[in-house]
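# A structural walkthrough
Here is how the chains run, residue by residue.
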Amino acid sequence: MTGTFDATAWTGLLLGATALFAGIGALRKPGAWRTMIEEVERSPALQFVCGMLELLIGALVYLSNPWIPSDLLSCTLKALGGLMMFEALAILGFCDIYTQFWLRTLAHMHRGWAASTALLGIVLMVPSLMRFQ
């Protein structure tokens, strides 16, 4: 094996694929995201699990990508990891307020959020796949 492990490429590919297919799933089942957020809002245990899981994933994304100003993908992923950690803390501390924001937003912008999520997935996947060559 002559190549080296590119954490940025793998992180971008996995996050991109997750976002792409989450967006496709939300477009296929329009009420799914709203139902998930309502379930999280009702369950303190689910709030804690979701917050901790996002904190863990965000920390892994943040820590596995170095800040190299000339590497736009690495900087983007580091910023996304930081935003994920911030969102996780918001879920852990202010879930009741935070979920109400998303429930109001999803009521009239569901297709827009789903399409934006799928597009973000493609935007992350393309440069990540190009790094493998």
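Higher on the page you've got the structure.
Residues numbered from 1 in each chain as written. Predicted model: local features only at pLDDT ≥ 70, side-chain atom pairs only at ≥ 80, totals over all residues. Heavy atoms only, no water.

Right, let's talk about the overall build of the protein chain for a bit. Per the secondary structure count, the protein chain includes four helices and zero strands. The linear arrangement of helices and strands in the protein chain, starting from the amino end, is α-α-α-α. Counting only C-alpha atoms, the protein chain reaches 50 × 30 × 25 Å along its principal axes. Expressed as a percentage of its 133 residues, the buried residues of the protein chain come to 33%. Total accessible area on the protein chain stands at roughly 8,400 Å², and carbon and sulfur atoms take up 74% of it. (Helix = DSSP H or I, 4+ residues; strand = E, 2+ residues; numbered from the N terminus. Buried < 20%, exposed > 50% of the residue type's maximum accessible area, 1.4 Å probe, protein only. Areas by Shrake-Rupley, 256 points an atom, 1.4 Å probe, with all protein chains shown as cover.)

This part takes up the packing of helix α2 (residues 32–42) against helix α3 (residues 44–64). At a closest axis distance of 5 Å, the pairing of α2 and α3 adopts a crossing angle of 110 degrees. Compared by their axis directions, α2 and α3 come out roughly perpendicular. Across from E39, V40, E41 and R42 in α2, the residues of α3 making contact are P44, L46, Q47 and C50. For the contact of α2 with α3, the residue count by class is four nonpolar, one polar and three charged. (Axes fitted to C-alpha atoms, helices over the stretch in contact; angles between N-to-C directions. Parallel < 35°, antiparallel > 145°, perpendicular 65-115°, else oblique. Contact = heavy atoms within 4.5 Å. Nonpolar A, V, L, I, M, F, W, Y, C, P; charged D, E, K, R; others polar.)

Here helix α4 (residues 72–131) contains 60 residues, and its C-alpha end-to-end distance of 12 Å is more than 12% below the 88 Å for a straight helix at 1.5 Å per residue. Its maximal kink placed at F94, α4 deviates by approximately 115 degrees. (Expected span 1.5 Å × (residues − 1). Bend = angle between axes of the 7 residues up to and from the residue.)

Relative to the helices and strands, E54 is located in helix α3. With near-sequence residues (within four places) excluded, E54 lies in contact with M84, E87, A88 and I91.

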